[in-house]
Amino acid sequence: MVFPKWTNRVPAILVASLGVLACFVVFAFWYWGSPKHYVVGYQPVQPVAYSHKLHAGQLGLDCRYCHFNVERGRHAGVPPTDVCMNCHTLVKTSSPEIQKIREAHEQGVPIKWVRVHKLPDFAYFDHSAHVNKGVSCVVCHGRVDQMDEVRVVAPLSMGWCLECHRNPAPNIRDKKLITNLAWKPEGDPAELGKQFMDKYNVHPRTDCSTCHR
Amino acid sequence: MILHRDDDPTKRPVLVESGDFHEVTQIISAPTETKFNLTWGILLLLSGSLLCLMLGLFGYLFWEGTGVWGVNVPVAWGWAIVNFVWWIGIGHAGTLISAILFLFRQRWRTAINRFSEAMTIFAVMCAGVFPAFHVGRVWVVYYIFPLPNQMSAWPNTRSPLFWDVFAVSTYFTVSVLFWYMGLIPDLATLRDRSVSKIRQMAYGIFALGWRGSARHWQNYERAYLILAAISTPLVLSVHSIVSFDFAVSKVPGWHTTIFPPYFVAGAVFSGFALVSTLLIIAREVFGLKQVVRLHHLDNMNKFMLLTGSLVGYAYAMELFIAWYSGSIYERFAFYHRALGDYWWAYASMVTCNVVIPQLFWFKKIRHSIPITFIITIFINIGMWFERFVIVITLHADFLPSSWGYYKPTWVDIWTYVGTFGLFGTFFLLFLKFLPQLAIAEVKGVMPEANPHHAHTAHH
């Protein structure tokens with residue numbers, strides 16, 4: 001006999017362990033391989049301890065005060081130091097954090113903010129197309145007004161973009177309210193969304209060349 | 001009757017005229033049991049180096065991108081796809097010989113089936129690497145499979161490229177199964193003949209506990225028949241679908257209904273040619289002249305004559321239809337193909353595939369091994385040119401401003417050469433470690449296996 005008797009059980013064990021392995025691999029890809037896992041939650045440390053919770057939340061500054069390009073261009077843009085200096089020439093000037101801003105401002109160099117949201121270069125995104133059709137910042141960026149440091153809340157994957165492009169109604173609101181992150185619709189959001197969809201003529205496209213141009 | 005034909009000693013793949021079953025086993029097992037064969041070693045070293053070259057070049061492409069190949073718009077397909085279709089075509093004889101000839105009870109196939117099935121598998125492997133790297137970003141090549149993903153996107157089921165993935169992978173799987181099934185009884189033979197424990201274990205694992213009982217044989221025969229029936233349609237489907245890659249597109253010169261049968265004929269043509277080439281070599285090197293007889297080579301030559309003529313007919317019909325269609329684009333495509341920038345490729349194709357195989361009408365030539373060998377080489381080259389001619393149609397696309405002269409780069413050329421290393425390495429390993437002919441089946445076609453044979457039937 002070439003093989004001892006116990007080897008008769010090997011095929012069964014092999015099949016069973018391959019089954020377990022297969023399940024694990026599927027789970028691993030489904031869980032760790034998903035942008036819901038590796039994109040959501042990204043929160044880099046910024047060079048200046050600037051807080052949205054303070055400025056946008058407590059002080060109640062409108063997002064567009066600083067991200068003034070958001071209605072006009074592809075990029076919302078991050079404000080130049082001039083914007084900060086509107087207040088910080090007077091406010092908290094002794095703070096070391098503010099010193100950093102002032103130095104940068106005086107030398108005319110930008111602050112090296114760390115990019116938080118980033119799509120690959122082959123994907124085209126346009127803020128103005130969304131904001132002007134009644135899509136609020138909160139849908140994609142979450143409650144920024146409650147974050148000290150900005151953190152990614154949406155997977156930013158293609159499937160996520162498409163989910164809304166296929167059914168935008170629940171996410172459409174009055175244009176006046178797009179920067180009001182705390183606002184909650186009364187009643188069915190989809191019903192309300194439909195009204196504004198008609199009003200703004202909202203028809204998001206799903207063909208590949210919409211986002212891959 | 002077939003049985004009578006088997007009795008004709010020139011036609012059956014009999015090994016020894018004494019009809020000693022044991023000697024058959026002995027001769028076929030010998031190459032796996034002898035220590036070291038210098039010719040084999042040198043050949044393995046050579047093809048192993050080519051294999052490394054191929055791997056290195058794919059590594060280079062992986063690092064640099066597909067730009068290291070000569071492909072660019074409008075000739076986005078280039079050598080990679082030429083080589084893919086060529087290798088897939090080569091891989092066609094395997095199933096044809098093992099499945100269709102089996103179903104038609106063409107028992108002369110026993111001499112060559114193991115061999116050509118192995119060839120099929122290795123050829124499909126060589127074919128597969130080209131489209132995998134041609135996609136550009138090989139690390140996301142899994143996009144071609146319908147897996148759920150972050151893009152919420154599925155492969156385009158209307159694309160023949162997608163069908164191709166399934167046609168080729170099904171073909172590969174079934175070919176491997178078929179080949180392996182046939183090997184099981186022979187692996188058990190090798191196991192039982194082994195003296196060392198390691199050999200026993202190694203062959204024993206793959207012999208799956210085969211004991212050769214009547215029950216085993218009954219299951220085996222049934223499974224073999226079923227697999228043969230499954231693979232038969234594949235012979236037609238694989239290359240039909242490969243041809244759809246071209247025919248379903250709207251490129252003049254590609255968008256023709258003749259493509260599927262024309263591609264299948266061409267595939268069988270080139271497959272038989274390469275089986276012949278290799279068989280003639282192996283026959284000399286391993287002393288298999290007793291098993292692979294002139295009669296078998298003659299049969300294959302006839303197949304090549306038939307399929308070569310079919311291919312010639314297809315070339316002529318393409319030209320005729322291009323003219324008859326009245327479409328100026330179609331006409332231009334073929335005019336340009338035959339007499340344009342790449343006239344030399346078209347001329348080589350017609351010479352190698354249509355003109356030269358016509359020599360097989362002469363029995364003298366069919367029976368001359370050196371001449372057969374040379375002709376098969378011509379066919380292999382001609383069929384490569386056929387794919388080149390078809391793919392290169394792209395160089396004169398709809399926009400004359402983008403016309404250009406496509407040239408391969410050194411990476412294209414050496415990658416192609418490297419795939420011979422892939423093929424050769426596997427093939428040499430097969431020749432050394434597995435029985436080159438189906439031991440059990442060869443015995444089955446010996447006259448002594450016939451119950452009505454004089455030795456056993458005394459009445």
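(A) Expanded view of the overall build of chain B. The secondary structure content of chain B amounts to 17 helices and 0 strands. Computed over its C-alpha atoms, the radius of gyration of chain B comes to 23 Å, within 12% of the 23 Å expected for a compact globule of 459 residues. With respect to the principal axes defined by its C-alpha atoms, chain B has extents near 80 × 55 × 40 Å. A sequence separation of at least 24 residues applies to 80% of the contacts in chain B between residues at least 6 apart. Counting every atom, chain B has about 20900 Å² of accessible surface; 71% of that belongs to carbon and sulfur. Where the 31 positive side-chain charges of chain B centre and where its 24 negative ones centre are 4 Å apart.

(B) Representation of the pattern of salt bridges in the model. Evaluated as defined, the whole model comprises 16 salt bridges over all chains. For Lys 100 of chain A, the salt bridge identified is with Glu 97 of chain A, shortest N-O distance 3.5 Å. In this pair, Lys 100 of chain A and Glu 97 of chain A both sit in helix α6 (residues 96–107), 3 residues apart, roughly one turn of the helix. The exposure class assigned to Lys 100 of chain A is partly exposed, which follows from its relative accessible area of 36%. Asp 186 of chain B serves as the salt-bridge partner of Arg 114 of chain B, at 3.1 Å between the closest nitrogen and oxygen. Of this pair, Arg 114 of chain B sits in helix α6 (residues 113–134) while Asp 186 of chain B sits in helix α7 (residues 160–193), placing them 72 residues apart in sequence. Owing to a relative accessible area of 2%, Arg 114 of chain B belongs among the buried residues under this scheme. Asp 186 of chain B sits in the buried class, given a relative accessible area of 2%. Each member of the salt-bridge network shares a partner with another, and the members are Asp 62, Arg 64 and Glu 71 of chain A.

(C) View of unusual backbone geometry. The linkage connecting Val 73 of chain B with the following residue, Pro 74 of chain B, adopts the cis geometry, with an omega of 5°. Positive phi outside glycine occurs at Leu 156 of chain A, with the angle close to 55°. Mapped onto the elements, Leu 156 of chain A comes out in the loop between α8 (137–141) and α9 (158–166). Judged by its relative accessible area of 17%, Leu 156 of chain A falls in the buried class. In this structure, Asn 201 of chain A is a non-glycine residue whose phi angle is positive, near 55°. Here Asn 201 of chain A lies in the loop between α10 (189–200) and α11 (208–211).

(D) Just the interface of chain A and chain B, in detail. On the chain B side, the residues contacting the 9 residues of chain A number 10 residues. Taken together, both faces of the contact between chain A and chain B bury some 720 Å²; the carbon and sulfur share is 66%. Among the residues chain A hides against chain B, the three largest losses belong to Val 2, Phe 3 and Met 158 of chain A. Together they make up 63% of the total. Applying the counting rule to chain A against chain B returns 0 salt bridges.

(E) Looking closely at the packing of aromatic side chains. Applying the stated rule across the entire model yields 62 aromatic pairs over all chains. Here the aromatic rings of Trp 77 of chain B and Phe 246 of chain B are separated by 5.3 Å at their centres, their planes lie at 85°, and the arrangement is edge-to-face. Of the two residues, Trp 77 of chain B is situated in the loop between α3 (38–64) and α4 (78–90) and Phe 246 of chain B in helix α9 (residues 214–247); the sequence distance between them amounts to 169 residues. A relative accessible area of 18% means that Trp 77 of chain B is categorised as buried. The exposure class of Phe 246 of chain B is buried, given its relative accessible area of 2%. Ring geometry for Trp 163 of chain B and Phe 244 of chain B: centres 5.9 Å apart, planes at 85°, overall edge-to-face. With a gap of 81 residues between them, Trp 163 of chain B in helix α7 and Phe 244 of chain B in helix α9 connect regions that are remote in the sequence. The class of Phe 244 of chain B is partly exposed, set by a relative accessible area of 25%. When the ring centre of Tyr 200 of chain A is taken as reference, the NZ or CZ atom of Lys 175 of chain A above it lies at 5.0 Å.

(F) Examining empty space enclosed by the protein more closely. All names here are of chain B. Counted by the stated rule, this structure contains 2 cavities of 30 Å³ or more. One number sums up the size of the largest cavity: a volume of about 40 Å³. As for the largest cavity, its lining consists of Asn 113, Arg 114, Glu 117, Phe 178, Gly 182, Tyr 224, Ala 438 and Glu 441. Elements with a minimum of two residues in the lining of the largest cavity: α6 and α7.

(G) Focus on the state of the cysteines. Residues and elements named next belong to chain A. One pass over the full model with this rule turns up 0 disulfides over all chains. In this structure Cys 137 is not part of a disulfide, and its nearest cysteine sulfur, from Cys 63, lies 4.4 Å away. Distance from the sulfur of Cys 140, which forms no disulfide, to the nearest cysteine sulfur (Cys 164) is 7.2 Å.

About the criteria used
- Residues numbered from 1 in each chain as written.
- Chains lettered and ligands numbered in written order.
- Predicted model: local features only at pLDDT ≥ 70, side-chain atom pairs only at ≥ 80, totals over all residues.
- Heavy atoms only, no water.
- Helix = DSSP H or I, 4+ residues; strand = E, 2+ residues; numbered from the N terminus.
- Rg over C-alpha atoms; globule rule 2.2 N^0.38 Å.
- Contact = heavy atoms within 4.5 Å.
- Areas by Shrake-Rupley, 256 points an atom, 1.4 Å probe, with all protein chains shown as cover.
- Lys, Arg positive; Asp, Glu negative; His and termini not counted.
- Charge placed at Lys NZ, Arg CZ, Asp CG, Glu CD.
- Salt bridge = Lys/Arg side-chain N within 4 Å of Asp/Glu carboxyl O.
- Buried < 20%, exposed > 50% of the residue type's maximum accessible area, 1.4 Å probe, protein only.
- Buried area = accessible area lost by both parts, 1.4 Å probe.
- Phe/Tyr/Trp six-rings, centres within 6.5 Å; stacked < 30°, edge-to-face > 60°.
- Lys NZ or Arg CZ within 6 Å of the ring centre and 35° of its normal.
- 1 Å grid on protein atoms, 1.4 Å probe; cavity = no way out; pocket = protein on both sides within 12 Å on 5 of 7 lines; lining within 4 Å.
- Points joined across faces, edges and corners; volume = space filled by probe spheres on them.
- Disulfide = S-S within 2.5 Å.

Don't take any of this as a statement about function, it's just geometry.
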